[in-house]
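Read off the chains here:
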Amino acid sequence: MAVTGAGTVEGRGAGTARGAGGGWRGAVAAEWTKLWSVRSTWWGLASAVALMAVMAFTLATSTVSNNTNALPGDDMGVVSVSGVAVGALDMVQFVVLALAILVVTGEYATGSIRATLQWVPPRGRMLGAKAVVVAAVAFPLGAALNAAGTVVADPVLGRWGRLRAAEFAADAVQSGVYLALVSVLVLAVGAMLRSTAASLTTAFLFLLVVPMLLGGGDESGPARKVSDSLPSSAGRYFMSGEGPYPQAVGLVILVAWTAAAVCGGVVVLRRRDA
């Protein structure tokens, strides 16, 4: 270390830059601790499980009703039990996405983002650490939600339900992958918008409303093609295996959207002060 004041400052600055926030491991550990230290995380997880039970029960009941009413056009036949849980994820996901958004927007609301950026100055590392933690929670949660929905839907469906181990395992893993990717996507949106309400509204419109509006027209029309290329549609095709392209393509589209959102979040964080 140089004895001059300037040299000392430069030496310390270089050391701080190299080890700011304890590196990736320290940044991830800090985000993990922050996530589990607030009550909203636990309430959010419990709410997601409860909503999954309600939605799975509702969809299973509707399936039985369609198969047993007097209208032949309503018949759905025997359906995958875990597939019902996949369908219920369309609404349940927003509880989890709200938690993902709060990971970053909550800090802007309280002003603690300043402390976070002091501890982890590199914006990319800070957002990356949050993304790692969010994905690490969302993936097993997605699988657990699928399992919970399957448990609820199975006795309701009765003879109209088909439960196979391989099918259930695939649905659980795919639900976890989807929820992890879309959670990271909305986390990045939150980093760009910095408002919980604006981010959640954007996520709701982009993931649910817009695909429904665009997908209601001609299957070969441009609006339907745009709808099929949106992240929620790609994720749905990835999980269900039913769509205009293979499951692998749906996964690639979803990953591309998530990567683009994260890049956008890093750019915005670097250009704006906290």
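Residues numbered from 1 in each chain as written. Predicted model: local features only at pLDDT ≥ 70, side-chain atom pairs only at ≥ 80, totals over all residues. Heavy atoms only, no water.

## Some words on the overall build of the protein chain
Counting its secondary structure elements, the protein chain contains eleven helices and two strands. Helices and strands in the protein chain line up, N terminus first, as α-α-α-β-α-α-α-β-α-α-α-α-α. For the protein chain, the C-alpha atoms occupy an extent of roughly 90 × 40 × 30 Å along the three principal directions. Taking all 274 residues of the protein chain together, the buried fraction comes to 40%. Restricting the contact set of the protein chain to residue pairs at least 6 apart, pairs at least 24 apart contribute 77%. (Helix = DSSP H or I, 4+ residues; strand = E, 2+ residues; numbered from the N terminus. Buried < 20%, exposed > 50% of the residue type's maximum accessible area, 1.4 Å probe, protein only. Contact = heavy atoms within 4.5 Å.)

## Things to note about the side chain of glutamine 93
Secondary-structure assignment places glutamine 93 in helix H4 (residues 81–110). Taking the relative accessible area as the measure of exposure, glutamine 93 reaches 1% and is therefore buried. If we ignore the near neighbours within four places in the chain, the residues touching glutamine 93 are Tyr178, Leu179 and Val182.

## What to know about the packing of aromatic side chains
Each aromatic ring pair is summarised here by two numbers: the centre-to-centre distance and the angle between the ring planes. Applying the stated criterion to the full structure yields five aromatic pairs. Look at tyrosine 237 and tyrosine 245: their rings are 5.3 Å apart centre to centre, the planes differ by 80 degrees, and that puts the pair in the edge-to-face class. Taken as a pair, tyrosine 237 and tyrosine 245 share a single burial class, namely buried. Each member of the aromatic cluster is reached from another via a ring pair, and the members are Trp32, Trp36 and Trp42. (Phe/Tyr/Trp six-rings, centres within 6.5 Å; stacked < 30°, edge-to-face > 60°.)

## Regarding the nonpolar core
Judged by nonpolar contacts, the single largest core of 59 residues is most densely connected at Leu145 and Val186. In terms of residues, this core owes the most to one element, H4, which gives 15 residues. In this structure valine 186 touches Leu97, Ala100, Ile101, Ala203 and Leu207, once residues within four positions along its chain are discounted. (Core = buried A, V, L, I, M, F, W, Y, C linked by side-chain atoms within 4.5 Å.)

## Quick look at helix H7 (residues 165–193)
The terminal C-alpha atoms of H7, which comprises 29 residues, lie 42 Å apart, in line with the 42 Å expected from a rise of 1.5 Å per residue. Phi for arginine 194, located one or two positions after H7, is positive at around 65 degrees. (Expected span 1.5 Å × (residues − 1).)

## Focus on the pattern of salt bridges
Opposite charge on two side chains permits them to pair, given that their charged atoms come into close proximity. For the structure shown, the criterion picks out seven salt bridges. The salt bridge partner of glutamate 31 is lysine 34, with a shortest N-O separation of 3.1 Å. Of this pair, glutamate 31 and lysine 34 both sit in helix H2 (residues 23–36), three residues apart, roughly one helical turn. Overall, glutamate 31 belongs to the buried group, its relative accessible area being 6%. (Salt bridge = Lys/Arg side-chain N within 4 Å of Asp/Glu carboxyl O.)

## Here we look at the UniProt feature "transmembrane region" (unreviewed entry) in the protein chain
Feature annotation in UniProt assigns "transmembrane region" (unreviewed entry) to the following positions: residues 42–64, 84–106, 127–152, 172–193, 200–217 and 248–269. End C-alpha to end C-alpha, residues 42–64 measures 33 Å, and it is 100% helix and 0% strand. (UniProt positions renumbered as here; feature names shortened; annotations may be inferred.)

## Some points on H4
Taking 1.5 Å per residue as the helical rise, H4 with its 30 residues ought to reach 44 Å, and the 43 Å between its terminal C-alpha atoms agrees with that figure. Considering bend angle alone, the principal kink of H4 is centred on aspartate 90 and spans about 55 degrees. Just beyond H4, the residue with positive phi is glycine 111, at close to 85 degrees. (Bend = angle between axes of the 7 residues up to and from the residue.)

## Things to note about the environment of glycine 241
Mapped onto the secondary structure, glycine 241 falls in the loop between helix H10 (231–240) and helix H11 (247–271). Each C-alpha atom, one on glycine 241 and one on threonine 63, is 19 Å from the other, the two residues being 178 residues apart in sequence. Residues contacting glycine 241, with those up to four places away along its chain left out, are Arg236 and Gln247.

## Remarks on the packing of H7 against H11
Their axes nearest at 8 Å, the elements H7 and H11 cross at an angle of 25 degrees. Put simply, H7 runs roughly parallel to H11. Judged by the sense of rotation from one axis to the other, the crossing of H7 with H11 is left-handed. Here Gln174, Val177, Tyr178, Leu181, Val184, Leu185, Ala188, Ala191 and Met192 of H7 lie close against H11, whose contacting residues are Gln247, Leu251, Leu254, Val255, Trp257, Thr258, Ala261, Val262, Gly264, Gly265, Val268 and Leu269. Residues that form the contact of H7 with H11 fall into these classes: 16 nonpolar, five polar and no charged. (Axes fitted to C-alpha atoms, helices over the stretch in contact; angles between N-to-C directions. Parallel < 35°, antiparallel > 145°, perpendicular 65-115°, else oblique. Left-handed = near helix turned anticlockwise from the far one by under 90°. Nonpolar A, V, L, I, M, F, W, Y, C, P; charged D, E, K, R; others polar.)

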